[in-house]
Amino acid sequence: MTAGGRLWTRLGGDRRSLARYRRPAAAAAELEPALRSLSDPELRAHAEAWQRRHRGTVGADCEDLLPEAAALVRETSRRVLGKRLDDVQLMGGLALHDGAMVEMKTGEGKTLALVLPAVLGALAGRGVHVLTANDYLVERDAALTAPLYGALGLSCGTVLEVGDGKRPSAARRAAYAADVTYATPLALGYDLLRDRRANTPERTVQRGRYLALVDEADLLLFDDARKTVHLTRTDGEADPRYAKMTAVVGRLKPGLHYRVDQERKLVTLTDAGTERIEDLLGTSDLDRTADPRLLRILDAVLRAREVFRRGVDYVVVDGAVGVISGYSGRVSLTTDFGDGVTQAIAAKEGLEVPAETRRLCTLHVHWFLRGYQRLGAITGVAAETEAYRRVYGLETVRIPTGRPVLRVDRPVRFYPSDRARTEAVVAETAARRAKGQPVLLGTASIAQSEQMSAALTERGIPHHRLTPENHAEEAAAVARAGSVGAVTVVTRMVGRGVDIQLGGGADGGADAPDPADHDAVVRSGGLYVLAVDAYESRRLELHMRGRAGRRGDPGESAVFLSVTDPSLKPLFPAWQLKVLGLNPDPADSSMAFSRGVERALDIRTGQLAQQLCESVRYDEVMERQSDRLQRQRLVVFDGSGRRDWVARALDSTADQAVAAAKPSGGAKALRRALAQAYPVGLDVESLAALPPEQLSAAVRADVHSAYARREAEVTAPVLRDYERWIPLNLIDNFWADHLRALDDLSAATSLHTLTGADGLAHYQQEAERLFTGLLRRIERRAVFHLFRQEGPE
Ligand SMILES: Nc1ncnc2c1ncn2[C@@H]1O[C@H](COP(=O)(O)OP(=O)(O)OP(=O)(O)O)[C@@H](O)[C@H]1O
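Residues numbered from 1 in each chain as written. Predicted model: local features only at pLDDT ≥ 70, side-chain atom pairs only at ≥ 80, totals over all residues. Heavy atoms only, no water.

Caption draft 1: Layout of the sheet that holds strand 1 (residues 101–103). Overall, parallel pairing links the seven strands, which are arranged 3-4-2-5-13-1-14 in an open sheet. Among the strands making up the open sheet, the edge pair consists of strand 3 (156–159) and strand 14 (396–398). Going across the sheet, the axis of each strand differs from the next one's by a mean of 20°, ignoring polarity. Here four bridges tie strand 3 to strand 4 (residues 180–183), and the two strands are oriented parallel to one another. Paired with Gly 157 across the strands is Thr 181, a residue of strand 4. (Pairing = 2+ DSSP bridges. Helix = DSSP H or I, 4+ residues; strand = E, 2+ residues; numbered from the N terminus. Axes fitted to C-alpha atoms, helices over the stretch in contact; angles between N-to-C directions.)

Caption draft 2: Examining the packing of aromatic side chains more closely. For the structure on display, the rule yields eight aromatic pairs. An angle of 55° between the planes, with centres 6.3 Å apart, marks the rings of Tyr 149 and Tyr 182 as tilted. Taken together, the positions of Tyr 149 in helix 8 (residues 135–151) and Tyr 182 in strand 4 put the pair 33 residues apart, joining distant regions of the chain. Look at Tyr 182 and you get buried, because its relative accessible area is 1%. Ring centres of Tyr 707 and Phe 787 lie 5.7 Å apart, and the angle between their planes is 85°; this geometry places the pair in the edge-to-face category. Of the two residues, Tyr 707 sits in helix 29 (residues 692–714) while Phe 787 sits in helix 31 (residues 759–788), which places them 80 residues apart along the sequence. (Phe/Tyr/Trp six-rings, centres within 6.5 Å; stacked < 30°, edge-to-face > 60°. Buried < 20%, exposed > 50% of the residue type's maximum accessible area, 1.4 Å probe, protein only.)

Caption draft 3: Broad picture of the pattern of salt bridges. The full count for this structure, using the stated rule, is 53 salt bridges. A salt bridge links Arg 550 to Asp 499; the nearest nitrogen and oxygen atoms lie 2.9 Å apart. With Arg 550 in the loop between helix 23 (538–545) and strand 21 (555–562) and Asp 499 in the loop between strand 19 (487–491) and helix 22 (515–524), this residue pair connects regions lying 51 residues apart in the sequence. (Salt bridge = Lys/Arg side-chain N within 4 Å of Asp/Glu carboxyl O.)

Caption draft 4: Here's a closer look at the environment of Leu 540. Considering the arrangement of structural elements, one finds Leu 540 in helix 23. Leu 540 sits in the buried class, given a relative accessible area of 8%. For the pair Leu 540 and Asp 218, spaced 322 residues apart in sequence, the C-alpha separation works out to 9.2 Å.

Caption draft 5: Examining unusual backbone geometry more closely. Positive phi outside glycine occurs at Arg 551, with the angle close to 45°. Tracing the backbone through its elements, the reader meets Arg 551 in the loop between helix 23 and strand 21. Phi is positive for Thr 715, which is not a glycine, with a value near 80°. Positionally, Thr 715 belongs in the loop between helix 29 and helix 30 (716–754). The class for Thr 715 is partly exposed, based on a relative accessible area of 39%.

Caption draft 6: Quick peek at the pairing of strand 2 (residues 128–131). Because side chains alternate across strand 2, one face comprises the buried residues Val 128 and Val 130, and the other comprises His 129 and Leu 131, equally buried. Pairing between strand 2 and strand 4: four bridges, direction parallel. Looking at strand 4, one finds that Leu 131 is bridged to Ala 183. Two strands pair when backbone bridges link them, and strand 2 and strand 5 (residues 211–214) are joined in this way by four bridges, in the parallel orientation.

Caption draft 7: Expanded view of the UniProt feature "binding site: ATP" (unreviewed entry) in the chain. The UniProt entry lists Gln 89, Gly 107, Glu 108, Gly 109, Lys 110, Thr 111 and Asp 499 under the feature "binding site: ATP" (unreviewed entry), expressed in the numbering used here. Within the secondary structure, Thr 111 sits in helix 6 (residues 110–113). Among the residues examined, Thr 111 registers a relative accessible area of 16% and is labelled buried. We classify Asp 499 as partly exposed; its relative accessible area is 25%. A polar side-chain atom of Asp 499 sits 2.7 Å from a polar atom in the side chain of Gln 501. (UniProt positions renumbered as here; feature names shortened; annotations may be inferred. Polar contact = N/O pair within 3.5 Å; in protein donor to acceptor, adjacent residues only side chain to side chain.)

Caption draft 8: Expanded view of the nonpolar core. Judged by nonpolar contacts, the single largest core of 127 residues is most densely connected at Val 214, Leu 221, Leu 369 and Tyr 392. Those residues in contact with Leu 369 that lie beyond four places of it in its chain are Leu 131, Val 214, Leu 220, Leu 221, Leu 375 and Tyr 392. If you look at the next biggest cluster of nonpolar residues, it comprises 54 residues, including Ala 69, Val 88, Ala 122 and Tyr 210. (Core = buried A, V, L, I, M, F, W, Y, C linked by side-chain atoms within 4.5 Å. Contact = heavy atoms within 4.5 Å.)

Below you can see the structure in the form of structure tokens.
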């Protein structure tokens, strides 16, 4: 947050006045005639001169430049893209620059609103990152805005999640060196982790985290906040026991042998189940005698069978398991469910079981974003204000719409069964299509989208089904979705940022909508969005409805639910769902229940926000330790404090050896402890009687003398080289072990919490103890290797 933003927050953040943003926007309008009178080359020269003049102006110091910057961006956009930014877009951009969580309704033009704060942020010359939800949006937004940045004398790059990992470092570095870089947080997080593990500066690609402007911020800052990126290493061979246990579990009966908790994605064995497995495996007392890993595999196999559903949680792509993100509906082949679940799913599906992976380092999305010096965020619906304030220090600012929203939002309709709902959806789609209205059907899962598509085909309704599996076709399909009478079936990913042009065609592209088609669609009522999915929050539903009625367009939205939808269970008591199912006319009497859904979702939103605020505190423990270790790694890596680090490690090793010998252990114990740590040069017998402090000082001096002898032996350049790579390798490897230890601690803490104790305090305390142990171990091992590493031939 900028200094100005922080001050503003202290003065009463939630009472922020929009006048603060209205004023510069109005002042920009006054500068407009002068800019309009310039020729294109003159405008560009003017923009470049402006950039040169103000290079180095940072954050709050830009205050006086705001009207000029806004006017420049507006006029350049008008000429380059044919879109003159509205006042509300300038206000949104100014609020972003101010470090706020900005709410601008769906379709108001956030993509272009982000350009103004990016241009202002670029003045610092340290790179601006514009973050969005997925690669499709990264490419689309960068392609749309790059000509605009270019005309303003700024460069624009992209970093993608899929495929970019294989791009040469130089190309990736160039993308980061651009003034403005479009990317997803996950893509940047991966690169940050890779840079953190690099052994030479040439292999790093990033240049720090200065300013992030986050689009689709409710998804990234809230839903995805606790997602992690991690670097992994394959751990040995694939384990044949996944296949074996899959066959064993295939012979169990649900209910009798195990119980399933769908909500928590857990499966527990009954006594009968345990006995049956013991029979099948020919063993007894499974819990105590089996290898812990076999028990873990059993748990994963049971969960893979009962709670992970194909088409909902995962898909099979090219013989591998692809994880579907619950919120975006996108598929990742690089993510893992963890705990062996991915391996168990592969075994269930009869695929080749992949080897398990070991996490080398990991980073939470919320921590990654909080690592930026400046942060601004924007979204269509910012409901979780408390979480944005507490986790990210962002105050929410709501920007009014530029023109009235004409979209008609119909109340939710409930149908007694999935079948009845499908029939209603097909009938409604056919009716809308008959009058030329384009229809967008939003489904909950790939499986549901297949089912809808089959029902439409049966009725002879031509349509296009867009799934996370056919990514590449996405842009083309979206371009067609607004055509006269088009029917498009999507999973909820399209709820994210996708902009459907009335009449068809792509925004800003050569194939912009034909005016006659556009008018025909407008006359038919605009895009009709029909969601057949109960969303986890009202916010997600509003995003879906918000595909229609954008920037004053006509449009309509509706939600058709079946009382059998699993997602309704947590929202309504069973009796209420039953009553709803008896309702003879879903179109008539759903209003009250529609409000009921809204209320239930609002309550759930509050609970989720509270949960996020609490759970990030656990993540912070690991992340803070990671940062602390990273700082140590950095001084070794860049050489600035490498000699000091080694000197401290020598002292620490001496102290640890003395402590390990214990005062009561006598000369023999001391000799053994010291000899294990370094080549001792002292007469140990005479030391043993010294008081502890003198003993420590003498041993410290001795370890340093031994190190000087070592230097003479292997030569200074060789030892300097060891001093660089030995600590780096140890830090990286021991951190991976530490992550495992923290996982175990976290599992143990859950048990601890169940007993009513303060879980977080326990976790923090124990994690700190483990971390101190980790640091000592790294120092000790580094010294060990520095003394013993074989010299070059
Ligand atoms: N100033 C403008 N003049 C004309 N058209 C504009 C202007 N700004 C944006 N648009 C158009 O409005 C449409 C919606 O813009 P955009 O997709 O950026 O909205 P959004 O606010 O990001 O929506 P969502 O919340 O759904 O992500 C696009 O077709 C875009 O080109």
